[in-house]
Amino acid sequence: MIKINYVCPTHNTNNFMSERILILGSSGQIGTDLVQFLRTKYGNENVVAADLKAQPILIGCEGPFEFIDVLDGQKVFDTIKKYKITQVYLLAALLSATAEQKVKSAWRLNMEGLFNILDIAKENPALKIFWPSSIAVFGPTTPRIQTPQYTIMEPSTVYGISKLAGERWCEYYNAKYNVDVRSIRYPGLISYKTDPGGGTTDYAVAIYHEALNKKSYNCYLREDTRLPMMYMPDAIRATTSLMEAESSRIKIRSAYNLSAVDFTPIEIASSIRAHIPEFEMTCVPDSRQAIADSWPQSIDDSSAREHWGWKHDYDLDKMTEDMLMHLKVVSNKAL
Ligand code: VAH
């Protein structure tokens, strides 16, 4: 885990001060960015970070932190009461590649963690819940180009099966108990703030680190493997926009398709070479190729755009420029 010091913007938008937010899994890829974004917007003391692992140092965004295992439902409940929480982001999960190695642990964490939160929200209807789904809910029988919001869903990975089941339970708890749970089917996410964390799409994070450090990268996917991807600033904006939308605008309570860009290892390598001309990439597919081949190549996210105004900001080249600029600062290396 890279420990990076971030200096958060000093402005806080005080009119959000009534919200008190708990982020479970705050030290992970999404969590690290989300803590910083939400503390800047809602005030450091109004955003409680919680994880089993320590939080990266967030200079200017310091705030409450709790060591919590999301499988300890009582501890989660006590923390919600202690801080008078109004919103919970449940981000703790095992990702696709890791989940194939730890089948039962992944199912338990991804499902029991969700049930703990849904059952607390069932008894506390004022709570708003965010739970991340993934394009991994689609499988090899799903149409892979511009995959629609509603289509065949036969995931062939442990992670995808747990996310599909989770979507069904989110929709059930909303329909049956009026739980205000909201979800997004994230594509592969790319951030400079955390190390790759066991995801099949994480080659698209590692390639930037290796390009800067070694000027070369050995990719574990075939060079023409096209996957839907998104830069973390877009993902954070989409997540908080969904959580801030009026409940009446949320027409889909399983999970929204969400998209920004899709690219192949060849294309991201070419984007990097515009900044590091000598960069070289080799491709030696491993077991993760079968996971990637079961997923969509591109996503139709028109429902998210219509229902709550989603629009992505970063294309591949804009992401590459920003990633390399920030990684250069972090590792004090000249390009
Ligand atoms: C993974 N980054 O690779 C996650 C994501 C669509 C992929 O859910 O497992």
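First, a word on what this report is: a plain description of the structure on this page.

Thresholds applied
- Residues numbered from 1 in each chain as written.
- Predicted model: local features only at pLDDT ≥ 70, side-chain atom pairs only at ≥ 80, totals over all residues.
- Heavy atoms only, no water.
- Pairing = 2+ DSSP bridges.
- Helix = DSSP H or I, 4+ residues; strand = E, 2+ residues; numbered from the N terminus.
- Contact = heavy atoms within 4.5 Å.
- Axes fitted to C-alpha atoms, helices over the stretch in contact; angles between N-to-C directions.
- Near = heavy atom within 4 Å.
- Polar contact = N/O pair within 3.5 Å; in protein donor to acceptor, adjacent residues only side chain to side chain.
- Areas by Shrake-Rupley, 256 points an atom, 1.4 Å probe, with all protein chains shown as cover.
- Nonpolar A, V, L, I, M, F, W, Y, C, P; charged D, E, K, R; others polar.
- Domains from an automatic or database assignment.
- Expected span 1.5 Å × (residues − 1).
- Buried < 20%, exposed > 50% of the residue type's maximum accessible area, 1.4 Å probe, protein only.
- Salt bridge = Lys/Arg side-chain N within 4 Å of Asp/Glu carboxyl O.
- Core = buried A, V, L, I, M, F, W, Y, C linked by side-chain atoms within 4.5 Å.

1. What to know about the sheet that holds strand E12 (residues 256–257)
Adjacent strands of a sheet form backbone hydrogen bonds with each other and so pair up, either parallel or antiparallel.
Part 1: The strand order across the open sheet formed by seven strands is E5-E3-E2-E6-E7-E8-E12, and the pairing between neighbours is parallel. Each end of this open sheet is capped by a strand with a single partner; those strands are strand E5 (65–67) and E12.
Part 2: Across the face of the sheet, helix H5 (residues 158–177) comes into contact with strand E7 (128–134) and strand E8 (180–186) while running at roughly 150° to E7.

2. Description of the site of the ligand
Part 1: The environment of the ligand is made up of Leu95, Ser96, Ser134, Ile135, Tyr159, Tyr186, Pro187, Gly188, Gly199, Thr200, Thr201 and Trp295.
Part 2: In this structure, an oxygen atom belonging to the ligand sits 2.6 Å away from a side-chain N or O atom of Ser96.
Part 3: Side-chain polar atom of Thr201 to a nitrogen atom of the ligand: 3.0 Å apart, as the coordinates give it.
Part 4: Notes on the ligand: free accessible area 280 Å², of which the protein chains cover 96%.
Part 5: Here the residues of the shell around the ligand sort into six nonpolar, six polar and no charged.
Part 6: Mapped onto the domain boundaries, the shell around the ligand takes at least three residues apiece from domain 1 (19–188 + 230–257) and domain 2 (192–229 + 261–296 + 314–334).

3. Let's talk about helix H11 (residues 316–331)
Part 1: For H11, spanning 16 residues, the distance from its first C-alpha to its last is 22 Å, which sits close to the expected 22 Å at 1.5 Å a residue.
Part 2: When H11 is considered as a whole, its buried residues turn out to be Leu316, Met319, Thr320, Asp322, Met323, Leu324 and Leu327.
Part 3: The inward-facing, buried residues of H11 contact strand E9 (188–190), helix H6 (203–214), strand E11 (227–231), strand E13 (261–263) and helix H8 (265–273).
Part 4: The opening residue of H11, the one whose side-chain oxygen lies 3.3 Å from the backbone nitrogen of Asp317, is Asp315.
Part 5: One or two steps after H11, the chain reaches Asn332, where phi turns positive at roughly 50°.

4. Focus on the pattern of salt bridges
Part 1: Tallying each qualifying case throughout the model produces 18 salt bridges.
Part 2: Residue Glu66 is joined to Lys82 by a salt bridge in which the shortest nitrogen-to-oxygen separation is 2.7 Å. Placement of Glu66 in strand E5 and of Lys82 in helix H2 (residues 73–82) is noted, with a sequence separation of 16 residues between them.
Part 3: Across the pair Asp180 and Arg182 runs a salt bridge, and its minimum N-O distance is 2.8 Å.

5. Topic: the side chain of Lys128
Part 1: Assignment of secondary structure puts Lys128 in strand E7.
Part 2: The contact partners of Lys128, leaving out residues within four places of it in the chain, are Thr86, Gln87, Val88, Asp180, Arg182 and Met243.

6. A closer look at the environment of Arg253
Part 1: Topologically, Arg253 is positioned in the loop between helix H7 (232–244) and E12.
Part 2: Judged by its relative accessible area of 9%, Arg253 is buried.
Part 3: C-alpha of Arg253 to C-alpha of Ser162: the two residues are 91 residues apart in sequence and 16 Å apart in space.
Part 4: In contact with Arg253, other than residues within four places in its own chain, are Glu167, Cys170, Glu171, Asn174, Asp180, Val181, Arg182 and Ser247.
Part 5: A distance of 2.6 Å separates the side chain of Arg253 from the side chain of Asp180, its partner in a polar contact.
Part 6: At 2.8 Å, the side chain of Arg253 forms a polar contact with the side chain of Ser247.

7. Some points on unusual backbone geometry
Part 1: Located in the positive-phi region is Gln146, a residue other than glycine, with phi close to 50°.
Part 2: In this fold, Gln146 is placed in the loop between E7 and H5.
Part 3: According to the relative accessible area criterion, Gln146 is partly exposed, its value standing at 43%.
Part 4: Despite not being glycine, Lys215 has its phi angle at roughly 60°, a positive value.
Part 5: Looking at where Lys215 falls in the secondary structure, it is placed in the loop between H6 and strand E10 (216–219).

8. Regarding the nonpolar core
Part 1: In terms of nonpolar packing, the biggest core is built from 44 residues, with Ile190, Tyr203, Tyr208, Tyr217, Phe263, Ile268 and Phe279 touching the most fellow members.
Part 2: Where this core is concerned, the elements lending two or more residues are H5, H6, E10, E11, E13, H8, helix H9 (288–293) and H11.
Part 3: There are two domains that each give this core at least three residues, and those are domain 1 (19–188 + 230–257) and domain 2 (192–229 + 261–296 + 314–334).
Part 4: Grouped together as the second largest cluster of nonpolar side chains are 33 residues, Val35, Ala238, Ala245 and Ile252 included.

9. Regarding the sheet that holds E9
Part 1: Read across the sheet, three strands follow the order E9-E11-E13 without closing on themselves; strand pairing throughout is mixed. In the strand order of this sheet, the two ends are held by E9 and E13, each with one partner. Neighbour to neighbour, the strand axes of the sheet diverge by 45° on average, direction disregarded.
Part 2: Bridge count between E11 and E13: three bridges; the pairing is antiparallel. Bridge pairing in E13 links Leu227 to Phe263.

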